[in-house]
Amino acid sequence: MKNILFAMAMTAGMMLAGCGGQKDGKEAAADTQGDDKQEAVESPTAKNAEAEEDPGYNPELLKEGAPALAFTLKDTDGKDLSLSDLKGKHVVIDFWGTWCPWCVKGIPEMKASYEKYGDKLEILSVDCGDKEGDWKDAVKEHEMTWKNVIDKNNEVAEKYEVQGFPTKIVVDPEGNILKVFVGESQEFYQYLDKILNN
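Residues numbered from 1 in each chain as written. Predicted model: local features only at pLDDT ≥ 70, side-chain atom pairs only at ≥ 80, totals over all residues. Heavy atoms only, no water.

## Focus: the environment of Asp-151
Heads up, the rule is: For helices the rule is a DSSP run of H or I covering at least 4 residues; for strands it is a run of E covering at least 2, with both sets numbered from the N terminus onward. Here, residues are in contact when the closest pair of their heavy atoms is within 4.5 Å. Counted as a polar contact is a pair of N or O atoms within 3.5 Å, where, for protein atoms, one must be capable of donating a hydrogen and the other of accepting one, and residues adjacent in sequence contribute only when both atoms are in side chains.
Take Asp-151: it is sitting in strand S5 (residues 147-151). Remark: the alpha-carbon pair of Asp-151 and Lys-74, spanning 77 residues in sequence, is separated by 8.0 Å. In contact with Asp-151, other than residues within four places in its own chain, are Leu-73, Val-126, Asp-127, Cys-128, Val-156 and Ala-157. Within the structure, the side chain of Asp-151 is placed 2.9 Å from the backbone nitrogen of Glu-155, a separation counted as a polar contact.

## So, the pairing of strand S6 (residues 167-171)
For clarity, the cut-off: Any residue under 20% of the maximum accessible area for its type is buried, any over 50% is exposed, and the rest in between are partly exposed; the area is computed with a 1.4 Å probe on protein chains only. Each pair of strands is called paired provided DSSP finds at least two bridges between the two strands.
The buried fraction of S6 amounts to 5 of the 5 residues, a majority that puts the element mostly inside the structure. The two faces of S6 match: Thr-167, Ile-169 and Val-171 on one face and Lys-168 and Val-170 on the other face are all buried. One ladder, built from 5 bridges, connects strand S3 (residues 90-96) with S6; its direction is antiparallel. Across the sheet, Val-92 pairs through a bridge with Val-170, a residue of S6.

## Re the pairing of strand S7 (residues 177-182)
As paired elements, S6 and S7 share 5 bridges and run antiparallel to each other. The partner of Ile-169 across the bridge, within S7, is Val-180. Where S6 folds back on S7, the antiparallel hairpin that results is connected by 5 residues, among which Gly-175 adopts a positive phi of roughly 95°.

## Thoughts on the packing of aromatic side chains
Formally: Aromatic contacts are taken between Phe, Tyr and Trp rings whose centres are within 6.5 Å, Trp giving its six-membered ring; a plane angle under 30 degrees counts as stacked, one over 60 as edge-to-face, and the others as tilted. In this scheme, Lys NZ or Arg CZ marks a charge over a ring once it lies within 6 Å of the ring centre and within 35 degrees of the ring normal.
Applying the stated rule across the entire model yields 7 aromatic pairs. For the pair Tyr-114 and Trp-146, a centre-to-centre distance of 5.9 Å together with 65° between the ring planes defines the contact as edge-to-face. With a gap of 32 residues between them, Tyr-114 in helix H5 (residues 107-117) and Trp-146 in the loop between helix H6 (132-141) and S5 connect regions that are remote in the sequence. Residues Tyr-114 and Trp-146 agree in their burial class; the two are buried. With a centroid separation of 5.4 Å and an interplanar angle of 75°, the aromatic rings of Phe-181 and Phe-188 are classed as edge-to-face. Given a relative accessible area of 6%, Phe-181 falls into the buried group. Each member of the aromatic cluster is reached from another via a ring pair, and the members are Phe-181, Phe-188, Tyr-189 and Tyr-191. Across the ring face of Phe-188, the terminal group of Lys-168 is positioned such that the distance to the ring centre comes to 5.3 Å.

## Quick look at the pattern of salt bridges
The criterion, for reference: Basic side-chain nitrogens of Lys or Arg form a salt bridge, by our definition, when they fall within 4 Å of a carboxyl oxygen of Asp or Glu.
Using the criterion set out here, one finds 8 salt bridges in the structure. The shortest N-O distance in the salt bridge between Lys-179 and Glu-64 comes to 3.8 Å. Here the residue Lys-179 occupies a position in strand S7, and Glu-64 occupies one in the loop between helix H3 (49-53) and strand S1 (72-75), the gap between them amounting to 115 residues. Overall, Lys-179 belongs to the partly exposed group, its relative accessible area being 24%. A salt bridge links Lys-152 to Glu-132, with the nearest nitrogen and oxygen atoms 3.0 Å apart. On the criterion of sequence distance, the pair formed by Lys-152 in the loop between S5 and helix H7 (155-159) and Glu-132 in helix H6 is long-range, its members being 20 residues apart.

## Focus: helix H8 (residues 186-196)
One full turn of an α-helix is made of 3.6 residues, so residues set three or four places apart face in the same direction. To keep things clear, this is the line we draw: To obtain the arc, one takes the directions from the helix axis to the C-beta atoms.
Along H8, the residues classified as buried are Phe-188, Tyr-189, Tyr-191, Leu-192, Ile-195 and Leu-196. Viewed end-on, H8 has its buried residues packed into an arc of 155°, placing them on one side of the element. Along H8, the residues that are exposed and aim more than 90 degrees away from the buried face are Gln-190 and Lys-194. Buried residues belonging to H8 abut S3, H5, strand S4 (121-128), S6 and S7.

## Regarding the confidence of the model for the protein chain
Threshold: Every residue carries a pLDDT, the predictor's confidence in it, which falls somewhere between 0 and 100.
Confidence in the prediction of the protein chain, expressed as mean pLDDT, is 79, and 70% of residues score 70 or more. This stretch, residues 1-18, has a pLDDT under 50; its non-local contacts, to residues over four places away or in other chains, come to 32 contacts. Every residue in residues 20-55 scores below 50 in pLDDT, and together they form 59 contacts with partners more than four places removed in sequence or on other chains.

Right, dumping it as structure tokens:
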């Protein structure tokens, strides 16, 4: 039941976020080139039908100051990578998929932030909804040189109650959530500048 509810929430979130159709990275990039009208994506309200039926739903889960939930997933080399391995730096947990045009559109700015703040920042991109080969090809094609893992069964996305893509969660060096961003917006990059420019 929980998986069915998660699938329904993911579908609704993708439709609201403009990431409803599965496309490869090239199609997604082509769809978003030159389209600067709407970069921020509205997140669904916390009180949706799926959430009300799910007794495990917790709207306080991603509250600022709460500890980020631990997880371990496979990286592009098939090795285990845990969120806890990245403690000591700020971390951006980036829930994305190659099928989401806004996720793909944000990659160049993610790259620029990683190059600018790599000594203070780790990015952990968590792919959701892709076949392993498609995910690996996209990481290589877009030259995503930061940490990349795949959430094959969407267990981590479900654990974090992701409702739209991309979702970026900024975690402090001690492992606590600082801020959550749903959608691709300049506000996220401005926030990184604010906390890392010191």
